[in-house]
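What follows is each chain in one-letter form.
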Amino acid sequence: MLLLRRRPLRWGEPGLGWQSPLSIPRPWLAAIFAACALFAAGMGVFSTDALHRLWGMFAAVAYVVGVVVLVAWRSSRAVDLALFLGVGGALIVPMSLLAEQGRWKPEVGVIARGARLLVQHGSPYESQAIVSASHDPNIYNPYLPVMAIFGLPRALFGPGLITDPRIWFALGFVAVFVAALAAAGAKDVLRWTALVTATPVIAFSLTVGGTDVPVLALLCLGLALLWRRPEPLLAGLVLGVAAATKATAWPALIVAATMLLVRDGRRAAVRFILAAVVAAAAIIGPVAAVWPHALIENTILF
């Protein structure tokens, strides 16, 4: 409903919420951290996956300490400390530990291999013959070409903490999400970004895998560019890049185009669609033209 309103909302109007994490009532913010702690503790105790359990143990401690800080310390600095603890304990520490050990979910290895193939052969996909002959499901690369960018540091400079694709997923998410909040006219974008990043929705995903997180940030930026001061061409380019990263972004194109058609008319919707199609085609097109069978085998038939 916010996106369909023609007049941009001002901060403080009903439906827009708090201007900053500092303005969230302290009991509510503590409750958010408590809910995150319960989720993390459950993951640490009940998950059968070693990576999930490791994240759960680190994150649960960080969230619980954050709750204590928020309840016991009434200063506004308590919020900053809680956010610092959340981001550090639920993301930076466990992700760095796993990156240093080279432990990740299979999709991260798929992206790292796709980046290596891109550097060596110009395509992030194994050939149709290799894929068809293999019995390993992880030989497939179901992601679209942009996703390989996050594996390029590892492909170019070798294994290491800094070259782990998850590090670049995280940096990409933070940078693009900050831009999305700024484009939407948000206040206190750094604290909002820290709060969102500290939650399990982002921190857990990034720690063990994280392929959806940069796509989510691009979707947020694309939609933000259609809200307060609509920029259909720029939003189309952003969402076109998202669509060339992972197919899960494609429904957002339909949602955004429909919203523009209803709110701003046919011309705005057409400009948006053309920009998105051109951006996606410019990225996917060369791979589709030179390696069509490998692209189809990996991203569709898989």
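See the structure printed just above.
Residues numbered from 1 in each chain as written. Predicted model: local features only at pLDDT ≥ 70, side-chain atom pairs only at ≥ 80, totals over all residues. Heavy atoms only, no water.

Visitor: Just checking my understanding: could you explain the overall build of the protein chain for this structure?
Guide: Assigned secondary structure in the protein chain consists of 14 helices and 0 strands. Start at the N end of the protein chain and walk to the C end: the helices and strands fall as α-α-α-α-α-α-α-α-α-α-α-α-α-α. In terms of overall dimensions, the protein chain is globule-like: its C-alpha atoms have a radius of gyration of 21 Å, near the 19 Å expected for 302 residues. Once the C-alpha set of the protein chain is aligned to its principal axes, its extents read approximately 60 × 50 × 30 Å. By element, 71% of the accessible surface of the protein chain is carried by carbon and sulfur atoms, the whole surface being about 14500 Å². Each charge sign in the protein chain was given a centre, from 23 positive and 13 negative side chains, and these centres are 11 Å apart. (Helix = DSSP H or I, 4+ residues; strand = E, 2+ residues; numbered from the N terminus. Rg over C-alpha atoms; globule rule 2.2 N^0.38 Å. Areas by Shrake-Rupley, 256 points an atom, 1.4 Å probe, with all protein chains shown as cover. Lys, Arg positive; Asp, Glu negative; His and termini not counted. Charge placed at Lys NZ, Arg CZ, Asp CG, Glu CD.)

Visitor: I'm lost on the packing of helix α1 (residues 26–46) against helix α2 (residues 50–72) in this one. Help?
Guide: The relative placement of two packed helices comes down to the angle between their axes together with the axis-to-axis distance. Axis separation between α1 and α2 bottoms out at 7 Å; the angle between their running directions is 160°. Taken together, the axis directions place α1 and α2 in an arrangement best described as roughly antiparallel. Pair α1 / α2 crosses with left-handed handedness. Partitioned by chemical class, the residues of the contact of α1 with α2 number 19 nonpolar, 4 polar and 2 charged. (Axes fitted to C-alpha atoms, helices over the stretch in contact; angles between N-to-C directions. Parallel < 35°, antiparallel > 145°, perpendicular 65-115°, else oblique. Left-handed = near helix turned anticlockwise from the far one by under 90°. Nonpolar A, V, L, I, M, F, W, Y, C, P; charged D, E, K, R; others polar.)

Spatial relationships are all this shows, so hold off on functional conclusions.
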